[in-house]
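Observations on chain architecture
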Amino acid sequence: MEDLASRIVQKALSLGCQDAVADVVTNRSYQIRFARNEAVISNRWREKTASVFFVYENRVLTSDIKDLTKVDEAVERLVRIAKGSQQNPDYAGIAKGPFKYARSRPDPKVLALDEGGRYVEAAVGGALDEGAKECAGSFWKYDVEHFLATSNGASAHDHRASLYLSIRALVSLESSGHGIACATKLSRFEPEKAGHKAGRIAALARNPKPGKAGRYMVVFDPLIFGSLADQVGGRLSAWTVMAGLSPFGKKIGKRVASPAVTMIEDGSTDSIGHKRFDAEGVPTRRNTLIQKGVLKTYLHNTSTAKKFKTRTTGNAGLVFPEPHAIFVKPGDWTRDEIFSEVKDGLWLTNTWYTRYQSYLSGDLSTIPRDGIFHIRKGEVVESWKDIRVTDNLLRMTKSVVALSNKTEQMMWWGEVSVPNFVPYALIKDVGITRSAE
Amino acid sequence: MDEGTDLVDFAIDYAGKKGAEYTEARFERQEPENFILKNGVLDALDVGEDRGVGVRVLAHGALGFAATNDLTKGAVRQIVGDAMKGAKASRRKTRIRFAQEQTLEMNWSVPEEKRLADVPVEEKIREIADVDRAVTSLGFKVAARYFQLSSNRIMKYFANSEGSRIRSYSPRLRVFYFLTVVEGGDAEQTYRNYGWSGGWEGIRAWDLKDRVLDEARSMHKSLTEGKKSPEGKMDLVAGPQVAGIASHESCGHPTEADRVLGREASQAGKSFISPDGIGMRVGSEVVNVVDDPTVEHAIAFYLTDDEGVKARRRYLYKEGRVGEFLHNRETAAAMGTRSNGAARAVNYNLEAIVRMANTFVEPGDHSVEELLEGVKYGIYMKSFMEWNIDDKRYNAKYAGREAYVVENGEIKHPVRNTIIELTTPAFWSAVDAVGKDLEFEAGFCGKSDPGQALDASLGGPTIRLRNVYLR
């Protein structure tokens, strides 16, 4: 496959391309979806694709070549198409290799795993033990191998494997909880714990009352704080800033969060988002995005870095810079101390459907789902339903009062698109609205 | 022999020999082409030639699915084995069944006046660049411009072990744009999405340049003349874009039978409508919301679904009551009914699940002027920006983009960020009149895991709601 990636690059260069990248990807992933406490379908993929990036006289073309038996013809066709495209004056090349990469190999026990039913049963069992009636979710074994070659001398291999389980436990339609388990090592994969958490929240969320609008001190469980962190990470791509899709434009060196918040982007550390290199072959690294509340950098590829007069951060996608994994530095509060701080507030455990009225200002709303709890003097006094967080991304990040001293790894359908490690967070004056009577 | 036929037929035959109770296989070839013009710069042109085979089996009372892009019999044999193994490993206590459906042998294709494949990419870029240039000549600051033109040519061959054999061809065209207009340190943002099933002639059907320029002008007007939106109970006249999103979010999604039955509970959620909810009142008697895959040129047009079932119009809400659920064969069997052809997949490598197609409020007979004439004081919300809805599809929010105060039937000044935050029954029960100006926009509807962002149309005419709380 390494040979194939190099062959594609050489073929593109021979046809006059100034830059070329080929990433030959083998996907052998496997999934079980479950609902109503049992498997509803098992999915397995056996696919090989060459993701390519060709630049001909500053005309940029990307494609996935699916027929790897006719690669030369495919490259010829793609270069022909590229010639008809429009020049990109912002294109500034790809990073110069060769590079040295940190050693990395997947857990052989994860690779050897061929059946995940027992993990589904463990998660569902954990939730039912806590009083849940109905569970749904997904188990994944990710097994993806990359062979990358670039015309600037990068040549790299990365075999990425991890385990993931997401479970939603329900006592009733309006009483539910969610749990996540993810790990790159089988020994650290804890689906039963995720099931217990989902079931515990669901049981506590019994008989919810309609919530009340207002501004509240809110404890964000890691899953919903992970969603907030995902919004921040995604909006820090230099591309989103240039497209008017970010509230972080012109804010480098300025306060964008409370001093309690330090956010790191790091594809090189162990996480299910771990990657040895980005789409230009640049080794991933630790990037401090927000240091004690102050914005330090956007995420860059070579072209956006030139535009912003800086250097690539190793976050190239084929066209857009993107985060690999986000780490919010833990604080020094225990979870109990965070809850005790709330005299009259809320505990939110999950959310979905985050949408912006203005990406530039950060005005947004998002809808809490699963357990929503009213807290008085640190204790849950009531389960709520039917509320919406209506606020502003920057106002919320600037209003973080405290972070717990432990982080958990999160990734979830739609809302936490990039894996992150996040603690519990306490945020003050969070706007809550609800449907009119 | 047509592409994919031998592999699909082989998969059906081989799975039968391996003991599958039912098998279906899909070959797809997709030829997507996509580019983004960001602030006048074409970042990259993305083209593809995607093809592969997916096989789903029903065995041991369970479902197994597997897919490959290796178009050899050896690879197909392997994925049939994977699907069978996955089904067996499910160890289900309750057996999955499929509703009995008619077998079909047919070929269908969407006609193209001007084939998408025959239009050079230069011409497509020129078309969008021309609109972009026009936006920059408006005389006010459009700080960020983002245009995306996408097309796809989708060829499928479907077969199942019951004898269905269906070949289809769907060419699709889509334009998405996102604009930021700035004035005096304040900004207004918008996005729009237009879709078409057919050839390049679709680009003319949209009047794209005029629409984009009108939208940008209305954004500037909002910034320079817009006032705070009034708060309280008042009438609301909601334009086609608002009616369209509401029909999709609070009519289409809650009537998806897989959600009603809990199959999507962990991701897209469930529904406030229970399995015995047919006939439940959710709106006034003038509310009819349909989902119809057979609307010509709508982006989600199809004649057979991805389980080989014939497509037809479905009345989701009929005269204000729940009319029918959207079904595939699995949910139909679970509810003791027949599939109504709502099973779709994004590509060969994903299972077909229950999906909306072209969802819209059925038009009535009022003109927009007649709807406005009946309003003493209220808001005319032509379009929205922010929106969301909870996972049981009960509490929705639509935040206005272009909106105006209406006094005694006359449109007055623009207002900014009008908020509709209502329950599904409160929204639809307040509708007292429905316009005849049916329009569609395109959307990507997200569902399932792995996520399947699928072409959908959202449509409706202008509708009038009485005495609803706005802020």
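Residues numbered from 1 in each chain as written. Chains lettered and ligands numbered in written order. Predicted model: local features only at pLDDT ≥ 70, side-chain atom pairs only at ≥ 80, totals over all residues.

1. With respect to the packing of helix H4 (residues 117-129) of chain A against helix H5 (residues 191-204) of chain A
All names here are of chain A. Axis separation between H4 and H5 bottoms out at 7 Å; the angle between their running directions is 30°. For the element pair H4 / H5, the angle class is roughly parallel. When you trace H4 past H5, the crossing you get is right-handed. Of the residues in H5, those touching H4 at Tyr 119, Ala 122, Ala 123, Val 124, Gly 125, Gly 126, Ala 127, Leu 128 and Asp 129 are Pro 191, Glu 192, Lys 193, Ala 194, Gly 195, His 196, Ala 198 and Gly 199. The class makeup of the residues in the contact of H4 with H5 is nine nonpolar, five polar and three charged. (Axes fitted to C-alpha atoms, helices over the stretch in contact; angles between N-to-C directions. Helix = DSSP H or I, 4+ residues; strand = E, 2+ residues; numbered from the N terminus. Parallel < 35°, antiparallel > 145°, perpendicular 65-115°, else oblique. Left-handed = near helix turned anticlockwise from the far one by under 90°. Contact = placed C-beta atoms within 7 Å. Nonpolar A, V, L, I, M, F, W, Y, C, P; charged D, E, K, R; others polar.)

2. A short note on the sheet that holds strand S11 (residues 289-291) of chain B
Residues and elements named next belong to chain B. The strand order across the open sheet formed by six strands is S13-S12-S11-S16-S25-S24, and the pairing between neighbours is mixed. In this open sheet, the two edge strands, each paired with only one partner strand, are strand S13 (321-322) and strand S24 (439-445). Relative to S13, strand S12 (residues 314-318) runs antiparallel, the two being bridged by two bridges. Directly across from Lys 318, in S13, lies its bridge partner Arg 321. Lying on the sheet, helix H6 (residues 240-252) is in contact with S11, S12, strand S16 (358-361), S24 and strand S25 (454-460); it crosses S25 at an angle near 120°. (Pairing = 2+ DSSP bridges.)

3. Some remarks on the interface of chain A and chain B
Quoted interface sizes are often the accessible area lost when the parts come together. The partner chain B presents 71 residues to the 63 residues of chain A that form the contact. Mapped onto the side of chain A that touches chain B, the elements with two or more residues apiece are strand S2 (30-35), strand S3 (38-56), strand S4 (59-65), helix H2 (71-83), strand S5 (134-150), strand S6 (155-172), strand S15 (351-358) and strand S16 (363-368) of chain A. For the side of chain A that touches chain B, the element with the highest residue contribution is S3 of chain A, accounting for twelve residues. Split by residue class, the side of chain A that touches chain B holds 26 nonpolar, 20 polar and 17 charged. Relative to strand S4 (residues 62-68) of chain B, S3 of chain A is paired through five bridges, and the arrangement is parallel. If you follow Arg 44 of chain A over to S4 of chain B, its bridge partner there is Ala 66 of chain B.

4. Re the sheet that holds strand S10 (residues 263-266) of chain A
Sheet strands associate in pairs through backbone hydrogen bonding, adopting either a parallel or an antiparallel arrangement. Residues and elements named next belong to chain A. One open sheet accounts for six strands, arranged S12-S11-S10-S13-S22-S21; its pairing is mixed. The two strands at the open ends of the sheet, each matched to only one other strand, are strand S12 (294-295) and strand S21 (408-412). The pairing of S10 with strand S11 (residues 286-291) spans four bridges and is antiparallel. If you follow Ile 264 over to S11, its bridge partner there is Thr 288. Packed on one face of the sheet, helix H6 (residues 222-235) meets S10, strand S13 (326-328), S21 and strand S22 (416-422) and runs near 115° to S22.

5. Regarding the domain arrangement of chain B
All names here are of chain B. Along its sequence, chain B is organised into domain 1 (5-225) and domain 2 (228-470). Placing the centre of domain 1 and that of domain 2 at their C-alpha centroids yields a distance of 21 Å. The interface of domain 1 with domain 2 comprises 42 residues on the first partner and 34 residues on the second. Looking at which element gives the most residues to the side of domain 1 that touches domain 2, the answer is strand S8 (residues 186-197), with eight residues. Residues of the side of domain 1 that touches domain 2, tallied by class, amount to 15 nonpolar, 15 polar and twelve charged. (Domains from an automatic or database assignment.)

6. Section: the domain arrangement of chain A
Residue and element names in this part refer to chain A. According to the domain assignment, chain A contains domain 1 (2-204) and domain 2 (209-433). Computed from C-alpha atoms alone, the centre-to-centre distance between domain 1 and domain 2 is 23 Å. Of all the elements in the fold, those that place two or more residues in the side of domain 1 that touches domain 2 are strand S1 (19-27), S3, S5, S6, strand S7 (175-183) and H5.

7. Re H6 of chain A
The terminal C-alpha atoms of H6 of chain A, which comprises 14 residues, lie 19 Å apart, in line with the 20 Å expected from a rise of 1.5 Å per residue. Most of H6 of chain A is tucked away, with 13 of its 14 residues classed as buried. (Expected span 1.5 Å × (residues − 1). Buried ≥ 20, exposed ≤ 12 C-beta atoms within 10 Å, placed from the backbone.)

8. Quick word on the environment of Gly 126 of chain A
All names here are of chain A. Looking at the secondary structure, you find Gly 126 in helix H4. By C-beta crowding, Gly 126 is classed as buried, having 26 other C-beta atoms within 10 Å. Separated by 105 residues in the primary sequence, Gly 126 and Gln 231 have C-alpha atoms spaced 31 Å apart. When neighbours within four sequence positions are excluded, Gly 126 is seen to be in contact with Glu 192, Lys 193, Gly 195, His 196 and Gly 199.

9. A few points about the environment of Ser 170 of chain B
Residues and elements named next belong to chain B. Among the secondary structure elements, Ser 170 is positioned in strand S7 (residues 165-183). Each C-alpha atom, one on Ser 170 and one on Lys 156, is 8.7 Å from the other, the two residues being 14 residues apart in sequence. Those residues in contact with Ser 170, other than ones at most four positions away along the chain, are Val 110, Ile 154, Ser 197, Phe 301 and Tyr 302.

10. Things to note about the pairing of strand S17 (residues 377-381) of chain B
All names here are of chain B. For S17, the buried fraction is high: four of the five residues fall into the buried class. Sheet analysis places strand S10 (residues 232-238) next to S17, joined by four bridges and oriented parallel. Each bridged residue has a counterpart across the sheet, and for Leu 236 the counterpart in S17 is Ile 379. The sheet contact formed by S17 and strand S20 (residues 403-407) spans five bridges and is antiparallel. Each bridged residue has a counterpart across the sheet, and for Gly 378 the counterpart in S20 is Val 406.

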